[in-house]
Amino acid sequence: MDQFFNYVGHFWWLIFPLSGLFGGWARSWSRASERRHRRRVELYQLRNRAAEVEQASQSQVRQLMESHDAVNRRWLAYELDVGKLIDFPVMTDVREPLTVAFLRAKRLADGLRPGAPEAISTAAGLAEYREAVHSFELAFDVAEREARRIRDSNFTGPERERLATARKLLRIASDAAATPAERQTAYKRARRELDGLIVLPDATLAALEEKIAGMLDAGRAPDLHQG
């Protein structure tokens, strides 16, 4: 122990450079700790931002899906209503470029529609679906405005008379006050009047036939009960 104190006594001046050295180490260690802490904070913030971006993307996909559904509902209002298609026949006329453009845009948007919002996980996928939905909406708006503008003006006088007759016959076919025989006859005659004038989508025919069939069954029920 005496030797140690003698050593310190002779080399006391080393305390100053050593203290500076230790101080430098301490400051370096402190700065390194601060850098590690900043990196951990930055990493935490990056992870949070990534989660927020992912959540925001899913929210955007959900909104696009809702817009997609809204346009499809507008189209179904025509597709499931023969009377509306007779009033605005251009909506199913594939000879019209605007109608073709709308149907093509619909097919593309329907093909890109995800099963769930999280199914689209990339910015490129989101941008592609957004463009498809917006194009679908725009194409439908343009086709609908044109259909409402020209209505049945593309038809000749006799053809417009046939459309008017078909419209009246379909009202009879859907009239609960008419007898089953009257409704069935009116439906068949309406189909003949429309033949060659308007191409009715399969969904339109199915909805119309289901409605009329239900009314015919309802009309037969009392007769069966009486029998």
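A short tour of the structure in this document, coming up. As the structure is a prediction and not an experimental result, all values here were calculated from the model.

Cut-off values and rules
Residues numbered from 1 in each chain as written. Predicted model: local features only at pLDDT ≥ 70, side-chain atom pairs only at ≥ 80, totals over all residues. Heavy atoms only, no water. Salt bridge = Lys/Arg side-chain N within 4 Å of Asp/Glu carboxyl O. Helix = DSSP H or I, 4+ residues; strand = E, 2+ residues; numbered from the N terminus. 1 Å grid on protein atoms, 1.4 Å probe; cavity = no way out; pocket = protein on both sides within 12 Å on 5 of 7 lines; lining within 4 Å. Points joined across faces, edges and corners; volume = space filled by probe spheres on them. Nonpolar A, V, L, I, M, F, W, Y, C, P; charged D, E, K, R; others polar. Buried < 20%, exposed > 50% of the residue type's maximum accessible area, 1.4 Å probe, protein only. Phe/Tyr/Trp six-rings, centres within 6.5 Å; stacked < 30°, edge-to-face > 60°. Lys NZ or Arg CZ within 6 Å of the ring centre and 35° of its normal.

1. Thoughts on the pattern of salt bridges
Okay, step 1: Here the structure, examined in full by the defined rule, presents 10 salt bridges.
Okay, step 2: A salt bridge links Asp87 to Arg167, with the nearest nitrogen and oxygen atoms 2.9 Å apart. Of the two residues, Asp87 sits in helix 3 (residues 82-87) while Arg167 sits in helix 6 (residues 157-173), which places them 80 residues apart along the sequence.
Okay, step 3: The salt bridge involving Glu209 is made with Arg191; its shortest N-O contact spans 3.6 Å. Within this pair, whereas Glu209 is found in helix 8 (residues 202-226), its partner Arg191 is found in helix 7 (residues 180-194), the two being separated by 18 residues in sequence.

2. Side note on the layout of surface pockets
Okay, step 1: A volume near 250 Å³ is recorded for the largest pocket.
Okay, step 2: Residue lining of the largest pocket: 14 residues in total, with Asp93, Arg95, Phe155, Leu197 and Ile198 positioned closest to the centre.
Okay, step 3: Its residues assigned to classes, the lining of the largest pocket shows seven nonpolar, three polar and four charged.
Okay, step 4: Size it by volume and the second largest pocket reaches roughly 190 Å³.
Okay, step 5: Considering the residues around the second largest pocket, the lining is formed by Leu80, Asp81, Val82, Gly83, Arg167, Leu170, Arg171, Ser174, Thr204, Ala207, Leu208 and Lys211.
Okay, step 6: Looking at the lining of the second largest pocket, the elements that each hand over two or more residues are helix 3, helix 6 and helix 8.
Okay, step 7: It is helix 8 that provides the largest number of residues to the lining of the second largest pocket, a total of four residues.
Okay, step 8: Considering only residue class, the lining of the second largest pocket consists of five nonpolar, three polar and four charged.

3. Considerations on unusual backbone geometry
Okay, step 1: Positive phi outside glycine occurs at Arg151, with the angle close to 45°.
Okay, step 2: Looking at the element boundaries, Arg151 is found in the loop between helix 5 (123-150) and helix 6.
Okay, step 3: A relative accessible area of 39% means that Arg151 is categorised as partly exposed.

4. Topic: the packing of aromatic side chains
Okay, step 1: Evaluated as defined, the whole model comprises five aromatic pairs.
Okay, step 2: Between the aromatic rings of Tyr78 and Phe88, the centroid separation amounts to 6.2 Å while the plane-to-plane angle is 80°, which identifies the pairing as edge-to-face. Remark: Phe88 occurs in the loop between helix 3 and helix 4 (97-112) and Tyr78 occurs in helix 2 (residues 15-79); sequence separation between them is 10 residues. There is no split in this pair, since Tyr78 and Phe88 are both buried.
Okay, step 3: Through a chain of ring-to-ring contacts, three or more aromatic side chains come together here, namely Trp75, Tyr78, Phe88, Phe102, Phe136 and Phe140.
Okay, step 4: Sitting over the face of the ring of Tyr78, Lys84 holds its NZ or CZ atom 4.5 Å from the ring centroid.

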